[in-house]
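Observations on the three-dimensional arrangement
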Amino acid sequence: MTLTSPNPDPAPPEETRLPSILDLNEDDLTYQVSRLGQPAFRSRQLWRSLYHDGARSFAEMTTLSKQLRSELEERFTISPLESAVELRSADGSTDKVLFKLHDGELIETVLMRYGLDGHRRARRTVCISTQAGCALGCTFCATGQQGFRRQLSPGEIVAQVLHMRRVIRAENSELIAGGAAKRDEVPEITNVVFMGMGEPLANYDNTMQSIAVMNHGQGMNIGARHLTVSTVGLVPEIRKLAREPYQLNLAVSLHAPDDESRSRTMPINKRYPIARLMHACRDYVETTNRRIFFEYVLLDHENDTPEHARKLAALLDGLLCHVNLIPVNPTENGPYERPSDRRSAVFREILRNAGIANTVRQEKGIDINAGCGQLRARALDDAVDAAG
Ligand code: SF4
């Protein structure tokens, strides 16, 4: 595994930087194309080039006239991301990329490859960031320990998926050219989870705009049921999300079944205690008729006792939900250890006996610091070391 420090060159001054066209929503894109005297179908062609074909430059968009391409080039850039570090796990299942943004901020994106698993087809899942850093300070999370830097724009969110789709497309082309697979056997990006750096619902509008782009049938065409938005439990935004037109998945980071334990690891619990959060979750299920995924990171001797499992089962009793148990990925300076397999199995068994559906999340990318915020923390440490 190699790790290179991010480029320390200063970001260009704001006035010389062109905006990214990926930050425009569909209406704004149509408006910009019409301002250049072009008919509406040209904006549809441009949209398709960006999100279906994944063009990296305007020059590649040969369905557009040369003049339109050069006018776009004068006004916009395409990708707002620059890859600073790229790592692949030893088993080849997981890639992690540290991207540098135009102002020097760093964010992380993870690509996970899952093979056929029982009745589940092969999947390619991207885990994306929605903020640079995070203000919410969960004690088990490397990002939370680094503090909040800024919101990501819609284009910065979408561009992470476009980048990983290019990686997958290149791999698929090789397989097809080598005769190892047929075109309809190799998946592109099948799932996107908003579980990287940051709290997606604290960047609500930009997250929703990025979802509109990913879900658009003439573009990336990723079904809403394959998009999972994760939240630490922002109650007003969960209620707002219930009224959105998309059939999204909602994952709530619960991580403890009572206020005392939860407030110890998740400061947000003081603002939205468990009773309020669960009330919003029950209303969400009633409004949408969709199950909620509860994320529960298992921290050795902190929240993984049989008593915690029994309390969790009581809390979720009768709710349409699924619990994802995640043995913690210890951070270098973090205070938590991963529980033994035996402790995790007992926890699971108690939930199962209470009729609460649950799975232990398949571990991926441990050797490349795939946990949220870990790679950024490491790159910053290396950059500080390099600077002496
Ligand atoms: S777990 Fe999520 S919400 Fe909590 S600090 Fe980390 S990034 Fe923020």
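All of the points below concern the structure found in this document. (Residues numbered from 1 in each chain as written. Predicted model: local features only at pLDDT ≥ 70, side-chain atom pairs only at ≥ 80, totals over all residues. Heavy atoms only, no water.)

**Re the overall build of the protein**
Using the following cut-off: Here a strand is any run of E in DSSP of at least two residues, a helix any run of H or I of at least four, and the numbering for each starts at the N terminus. The buried label applies to any residue whose accessible area, calculated with a 1.4 Å probe on protein chains only, is under 20% of its type's maximum; exposed applies above 50%, and partly exposed to all values in between. Any two residues whose heavy atoms approach within 4.5 Å at even a single point are treated as in contact. Note on areas: Shrake-Rupley with a 1.4 Å probe; residue coverage comes only from the protein chains shown.
When you go through the protein residue by residue, the secondary structure sums to 12 helices and 12 strands. A buried classification covers 54% of the 388 residues belonging to the protein. Of the contacts made within the protein by residues no fewer than 6 positions apart, 67% connect residues no fewer than 24 positions apart. Of the roughly 18,000 Å² of accessible surface on the protein, a fraction of 49% belongs to carbon and sulfur atoms.

**Brief notes about unusual backbone geometry**
Despite not being glycine, His255 shows a phi value in the positive range, around 65°. When you line up the elements, His255 lands in the loop between strand 9 (249–253) and helix 7 (259–265). Given a relative accessible area of 6%, His255 falls into the buried group. One non-glycine residue, His301, lies in positive phi territory at about 60°. The topology assignment puts His301 in the loop between strand 10 (292–298) and helix 10 (306–315).

**Some points on the site of the ligand**
Under the convention used in this document: Nearness is judged by heavy atoms alone; a residue qualifies as near a molecule or strand once a single heavy atom is within 4 Å of it. Note on residue classes: Ala, Val, Leu, Ile, Met, Phe, Trp, Tyr, Cys and Pro are nonpolar, Asp, Glu, Lys and Arg are charged, and everything else, Gly too, is polar.
Around the ligand lies a shell formed by Cys134, Leu136, Gly137, Cys138, Cys141, Gly144, Gly198 and Val232. Per-class residue counts for the shell around the ligand are 5 nonpolar, 3 polar and no charged.

**Digging into helix 9 (residues 274–288)**
We count it as follows: For a helix, the expected span equals 1.5 Å multiplied by the number of residues minus one. Directions are taken from the helix axis to each C-beta atom, and the arc is the one they span.
The end-to-end C-alpha distance of helix 9 is 21 Å, a good match for the 21 Å that 15 residues give at a rise of 1.5 Å each. Among the residues making up helix 9, those that are buried are Ile274, Leu277, Met278, Ala280, Cys281, Tyr284, Val285 and Thr288. Each buried residue of helix 9 lies within a common arc of 160° when the element is viewed along its axis, so the set occupies one face. Along helix 9, exposed side chains directed more than 90 degrees from the buried face belong to Ala275, Glu286 and Thr287.

**Focus on the sheet that holds strand 4 (residues 123–127)**
Put simply, the rule is: Two strands are counted as paired when DSSP detects at least two bridges linking them. To get an axis, fit a line to the C-alpha atoms, keeping to the stretch in contact for a helix; angles then go from 0 to 180 degrees between the N-to-C directions.
What the 10 strands build is an open sheet, ordered 1-2-3-4-7-8-9-10-11-12; its pairing is mixed. Two strands close off the open sheet at either side, each with one partner strand: strand 1 (82–88) and strand 12 (358–360). Sheet twist, expressed as the average angle between the axes of neighbouring strands with direction ignored, equals 20°. Of the strand pairs in this sheet, strand 11 (residues 321–327) and strand 12 are connected by 3 bridges, and their pairing is parallel. Within strand 12, the residue paired with Leu325 across the bridge is Val360. Strands in contact with helix 4 (residues 154–177) are strand 1, strand 2 (94–100), strand 3 (106–114), strand 4 and strand 7 (191–194); relative to strand 3, the strand with the most contacts, it is inclined by about 40°. Against the sheet, helix 5 (residues 204–215) makes contact with strand 7 and strand 8 (227–231), and its axis sits at roughly 180° relative to strand 7, the strand it touches most.

**Some thoughts on the nonpolar core**
The line we're drawing: Side-chain atoms within 4.5 Å are what join buried Ala, Val, Leu, Ile, Met, Phe, Trp, Tyr and Cys residues into a set we call a nonpolar core. As annotated, the domain borders come from an automatic or database domain assignment.
Among the nonpolar cores identified, the biggest contains 99 residues, and Ile21, Leu46, Met214, Phe294 and Leu316 are the most heavily contacted of them. By residue number, the principal contributor to this core is helix 4, which donates 8 residues. Residue contributions to this core reach at least three from each of two domains, namely domain 1 (18–75) and domain 2 (82–386). In this structure, Ile21 is in contact with Leu29, Leu46, Leu50, Tyr51, Phe58, Leu72, Phe76, Thr77 and Ile78, ignoring residues within four places of it in sequence.

**Points about the state of the cysteines**
To be explicit about the condition: Note that a disulfide, as used here, is simply two cysteine sulfur atoms within 2.5 Å.
Applying the stated rule across the entire model yields 0 disulfides. Its sulfur unpaired, Cys281 is 9.2 Å from the next cysteine sulfur, which belongs to Cys321. Residue classification places Cys281 among the buried residues on the basis of a relative accessible area of 0%.

**Comments concerning the pattern of salt bridges**
For clarity, the threshold we go by: Whenever a carboxyl oxygen of Asp or Glu lies within 4 Å of a side-chain nitrogen of Lys or Arg, that contact is scored as a salt bridge.
All chains considered together, the criterion is met by 18 salt bridges. Here Arg239 ties to Asp283 by a salt bridge, and the two come within 2.7 Å at their closest N and O atoms. With Arg239 in helix 6 (residues 235–241) and Asp283 in helix 9, this residue pair connects regions lying 44 residues apart in the sequence. On the basis of relative accessible area, Asp283 is assigned to the partly exposed category, the value being 26%. For Glu260, the salt bridge goes to Arg264, with nearest N and O atoms at 3.6 Å. Taken together, the residues span about one helical turn, with Glu260 and Arg264 both in helix 7 at a distance of 4 residues. What makes Glu260 exposed here is its relative accessible area of 61%. Members of the salt-bridge network, linked through shared partners, are Arg88, Asp95, Arg113 and Glu171.

**So, the packing of helix 4 against helix 5**
Counted only if it meets this: Working definition: roughly parallel below 35 degrees, roughly antiparallel above 145 degrees, roughly perpendicular at 65 to 115 degrees, and oblique for all remaining angles. Crossing chirality is assigned from the near helix's rotation relative to the far helix, an anticlockwise turn below a right angle marking it left-handed and a clockwise turn marking it right-handed.
Interaxial distance between helix 4 and helix 5 falls to 8 Å at its minimum, and their mutual angle equals 40°. Looking at the two axes, helix 4 sits oblique to helix 5. Like other packed secondary-structure pairs, helix 4 and helix 5 cross with a definite hand, here right-handed. Here Pro154, Ile157, Val158 and Val161 of helix 4 come into contact with helix 5, specifically with Asn206, Thr207, Gln209, Ser210, Val213 and Met214. Counted by class, the contact of helix 4 with helix 5 contains 6 nonpolar, 4 polar and no charged residues.

Function cannot be inferred from these measures alone, as they are strictly geometric.
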